[in-house]
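# Understanding the architecture of this molecule
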Amino acid sequence: EILHINFVLKSANKAAIPAFRESQMDPNSANFHKFITIDQFGKMFGASDAQIQSVVDFANGNGFKITHILESRLFVAADVTVGEARVGDTVRSD
């Protein structure tokens with residue numbers, strides 16, 4: 001049996017998201033109606049390379065196979081069989 005897991009990452013710049021959204025609606029802003037792709041969102045607000053690598057290293061070290069790092073840089077998808085899963089403790093990195 002295969003388990004499909006999504007590791008959820010924290011935004012490296014979460015506090016800036018509301019201001020950016022507001023600037024997209026402000027006619028006086030350079031960002032007015034400049035909507036961004038998911039990839040651009042990831043580069044601006046997603047997790048850092050170090051955070052992503054930490055999750056990848058943890059997953060690989062515990063029998064998971066990384067299947068995708070989402071463009072938003074907020075999720076790392078992985079698969080593991082029930083027999084291969086070796087996660088004994090919950091790991092939280094703030």
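These lines cover the structure that appears in this document, whether it is placed above or below. Source: prediction; values computed, not measured.

Okay, the overall build of the protein next. Secondary structure assignment for the protein yields three helices and three strands. Traced from its N-terminal end to its C-terminal end, the protein shows the element sequence β-α-α-α-β-β. Over its C-alpha trace the protein gives a radius of gyration of 17 Å, far above what one expects of a compact globule, namely 12 Å for 94 residues. Residues classed as buried in the protein amount to 26% of the 94 residues present.

Moving on to the side chain of Ser29. Assignment of secondary structure puts Ser29 in the loop between α1 (17-25) and α2 (38-45). Residue Ser29 is classed as buried on the basis of its relative accessible area of 19%. In terms of polar contacts, Ser29 uses its side chain to reach the backbone carbonyl oxygen of Ser23, at 3.2 Å.

Take the pairing of strand β2 (residues 65-69) next. Examined bridge by bridge, β2 and strand β3 (residues 75-81) share four bridges and lie antiparallel to one another. Its bridge partner lying in β3, Ile69 is registered against Val76. Between β2 and β3, which pair antiparallel one after the other, the connecting turn spans five residues, and Arg73 there sits at a positive phi close to 60 degrees.

Before going further, it helps to spend a moment on the pattern of salt bridges. In a structure, side chains of opposite charge can pair up when their charged atoms sit close to one another. With the rule as written, the count across this model stands at two salt bridges. Put simply, Lys43 and Asp39 hold a salt bridge, and the shortest N to O gap is 3.1 Å. Here Asp39 and Lys43 lie together in helix α2, a separation of four residues that amounts to about one turn. The partner of Asp49 in a salt bridge is Arg73, with the nearest N and O atoms 2.5 Å apart. In this pair, Asp49 sits in helix α3 (residues 49-61) while Arg73 sits in the loop between β2 and β3, placing the two residues 24 residues apart along the sequence. Look at Asp49 and you get exposed, because its relative accessible area is 57%.

A few words now on the nonpolar core. The nonpolar side chains of a soluble globular protein tend to be buried with one another. Counting eleven residues, the largest nonpolar core is built from Phe7, Leu9, Ala47, Ile52, Val55, Val56, Ala59, Phe64, Val76, Ala78 and Val80. Sorting the residues of this core by element identifies α3 and β3 as the ones contributing at least two each. A per-element tally of this core places α3 first, with four residues.

Moving on, we come to unusual backbone geometry. Even without a glycine there, the phi angle at His33 is positive, about 55 degrees. Inspection of the secondary structure assignment puts His33 in the loop between α1 and α2. The exposure class assigned to His33 is partly exposed, which follows from its relative accessible area of 48%. One non-glycine residue with positive phi stands out, namely Arg73, at about 60 degrees.

The rules behind the values
Residues numbered from 1 in each chain as written. Predicted model: local features only at pLDDT ≥ 70, side-chain atom pairs only at ≥ 80, totals over all residues. Heavy atoms only, no water. Helix = DSSP H or I, 4+ residues; strand = E, 2+ residues; numbered from the N terminus. Rg over C-alpha atoms; globule rule 2.2 N^0.38 Å. Buried < 20%, exposed > 50% of the residue type's maximum accessible area, 1.4 Å probe, protein only. Polar contact = N/O pair within 3.5 Å; in protein donor to acceptor, adjacent residues only side chain to side chain. Pairing = 2+ DSSP bridges. Salt bridge = Lys/Arg side-chain N within 4 Å of Asp/Glu carboxyl O. Core = buried A, V, L, I, M, F, W, Y, C linked by side-chain atoms within 4.5 Å.

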